[in-house]
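A structural walkthrough
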Amino acid sequence: MNETAIEFRDVVKCFGDVTVLNHLNFSVKKGEKVSIIGPSGSGKSTVLRILMTLEKIESGAVYVAEQPLWHEIREGRLAPAGERHLREMRREMGMVFQQFNLFPHMTVRRNITEAPRHVLGLSKNDANARAEEYLQLVGLSDQADKYPHQLSGGQQQRVAIARALAMRPGIMLFDEPTSALDPELVGEVLAVIQRLSQESDLTLLLVTHEMQFAHNISDRVCFFDKGEIVEDGPPEVIFTHPKEARTREFLKLD
Ligand code: ADP
Ligand code: MG
């Protein structure tokens, strides 16, 4: 109980001269559903990319499932966790990007079975059964033999969600999963995430501009600005009577 799924401890991340995360302290409990909101360029994607080990950090420490992902600086050098350990940690997390990033030359089924077969070593039959299970969850059981270009953007994003879930991660990271979609396709993707949020014990960390949605599904909402958490609290507070002027301004509450 009360295990920590994600923890950033005093994390500094720079790109050249620009400090993108400024001594960030942030944590998510196991099973918690947390949304990150904030203006463009505030460091939201960087947080997710550090978790996926797509970016390094300058200093501080990051833990996933209470295991170090990035170690603290020692002797002036940041020691990343060992390669094998990193692979295991990455497996703990599934990520869905703004761009769906499906393999264009593979059917929907193969998009989903590829990693379970080659990373987890599942047999073809087991991987296919798993694909079936998650396609059903996202409402696309009848699309398994299609190629990505034959699907709408909303359907492709639902396949991307099924593909991430098929690795059975404990943590799902979403980076603006509906920002690239035509408005009429946003609802079907949000509905899938909402279902996941209500019906699973997954830890969910979601970057979004869909405020109503964040309000509905989150246990907690974090408002990011300039690489810092300005305010962090339950959605009822953040969206209706936040304390900080910057939050009020961002949400146009004044
Ligand atoms: P957000 O997701 O909140 O819009 P990001 O985390 O993508 O913000 O970016 C935070 C800041 O870091 C921005 O100023 C962005 O321009 C900068 N940045 C992000 N990635 C890179 C990169 N690979 N090289 C240089 N600057 C980057
Ligand atoms: Mg971003």
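The following paragraphs examine the structure supplied in this document. Everything numeric here is computed off the predicted structure, so don't read it as measured data.

Surrounding ligand 1, one finds Phe15, Val20, Pro39, Ser40, Gly41, Ser42, Gly43, Lys44, Ser45 and Thr46. Gly43 places a main-chain nitrogen or oxygen 3.1 Å from an oxygen atom of ligand 1. Within the side chain of Lys44, one N or O atom sits 2.8 Å away from an oxygen atom of ligand 1. Computed on the free molecule, ligand 1 has an accessible area of 560 Å², of which 57% lies beneath the protein chains in the complex. Sort the elements by how many residues they give to the shell around ligand 1 and helix H1 (residues 44-51) lands first, with three residues. Split by residue class, the shell around ligand 1 holds three nonpolar, six polar and one charged.

Residues Ile112, Ile161, Met172 and Phe174 are the most contacted members of the largest nonpolar core, which totals 34 residues. Taken together, the elements giving at least two residues each to this core come down to helix H3 (108-118), helix H4 (124-137), helix H5 (153-165), strand S8 (171-175), helix H6 (183-199), strand S9 (203-207) and helix H7 (211-217). Excluding its chain neighbours within four sequence positions, the residues that come into contact with Met172 are Gly94, Val96, Ile161, Ala164, Leu165, Leu202, Thr203, Leu204 and Leu205. Ranked by size, the runner-up nonpolar core spans 30 residues in total, among them Leu48, Met52, Ile57 and Val62.

This next bit is on the side chain of Gln157. One can find Gln157 in helix H5. At 2.8 Å, the side chain of Gln157 and the backbone oxygen of Phe97 are in polar contact. With near-sequence residues (within four places) excluded, Gln157 lies in contact with Val96, Phe97, Gln98, Phe100, Pro177 and Val189.

On to the packing of H3 against H4. Look at H3 against H4: their axes get within 9 Å of each other, and the N-to-C directions meet at 125 degrees. Relative to H4, H3 is oriented oblique. H3 and H4 meet at a crossing whose hand is right-handed. Seen from H3, the contacting residues are Val108, Arg109, Ile112, Thr113, Pro116 and Arg117; seen from H4, they are Lys124, Ala127, Asn128, Ala131 and Leu135. Tallied by class, residues from the contact of H3 with H4 come to six nonpolar, two polar and three charged.

A few words on the packing of aromatic side chains. Applying the stated criterion across every chain yields a total of three aromatic pairs. Plain terms: the ring middles of Phe26 and Phe224 are 6.3 Å apart, the flat faces sit at 85 degrees to each other, and that makes the pair edge-to-face. Within this pair, whereas Phe26 is found in strand S2 (residues 18-29), its partner Phe224 is found in strand S10 (residues 220-225), the two being separated by 198 residues in sequence. The burial state of Phe26 is the same as that of Phe224; both residues are buried. By the ring-pair criterion, three or more aromatic residues cluster together here, those being Phe8, Phe26 and Phe224. For the cation-ring pair, Lys13 lies above Phe15, with the distance from its terminal atom to the ring centre recorded as 4.6 Å.

When the charged atoms of two side chains with opposite charge come close together, those side chains can pair. This model, assessed by the stated rule, comprises twelve salt bridges. One salt bridge connects Glu55 with Lys13, and the closest N-O pair in it is separated by 3.7 Å. Here Glu55, found in the loop between H1 and strand S4 (59-64), pairs with Lys13, found in strand S1 (residues 4-15); they are 42 residues apart in sequence, far enough to count as distant. The buried category is assigned to Lys13, whose relative accessible area is 5%. Measuring nitrogen to oxygen at the nearest pair gives 2.9 Å for the salt bridge that ties Glu32 to Arg220. Taken together, the residues Glu32 in the loop between S2 and strand S3 (33-37) and Arg220 in strand S10 connect sequence positions 188 residues apart.

Definitions and limits used
Residues numbered from 1 in each chain as written. Chains lettered and ligands numbered in written order. Predicted model: local features only at pLDDT ≥ 70, side-chain atom pairs only at ≥ 80, totals over all residues. Heavy atoms only, no water. Near = heavy atom within 4 Å. Polar contact = N/O pair within 3.5 Å; in protein donor to acceptor, adjacent residues only side chain to side chain. Areas by Shrake-Rupley, 256 points an atom, 1.4 Å probe, with all protein chains shown as cover. Helix = DSSP H or I, 4+ residues; strand = E, 2+ residues; numbered from the N terminus. Nonpolar A, V, L, I, M, F, W, Y, C, P; charged D, E, K, R; others polar. Core = buried A, V, L, I, M, F, W, Y, C linked by side-chain atoms within 4.5 Å. Buried < 20%, exposed > 50% of the residue type's maximum accessible area, 1.4 Å probe, protein only. Contact = heavy atoms within 4.5 Å. Axes fitted to C-alpha atoms, helices over the stretch in contact; angles between N-to-C directions. Parallel < 35°, antiparallel > 145°, perpendicular 65-115°, else oblique. Left-handed = near helix turned anticlockwise from the far one by under 90°. Phe/Tyr/Trp six-rings, centres within 6.5 Å; stacked < 30°, edge-to-face > 60°. Lys NZ or Arg CZ within 6 Å of the ring centre and 35° of its normal. Salt bridge = Lys/Arg side-chain N within 4 Å of Asp/Glu carboxyl O.

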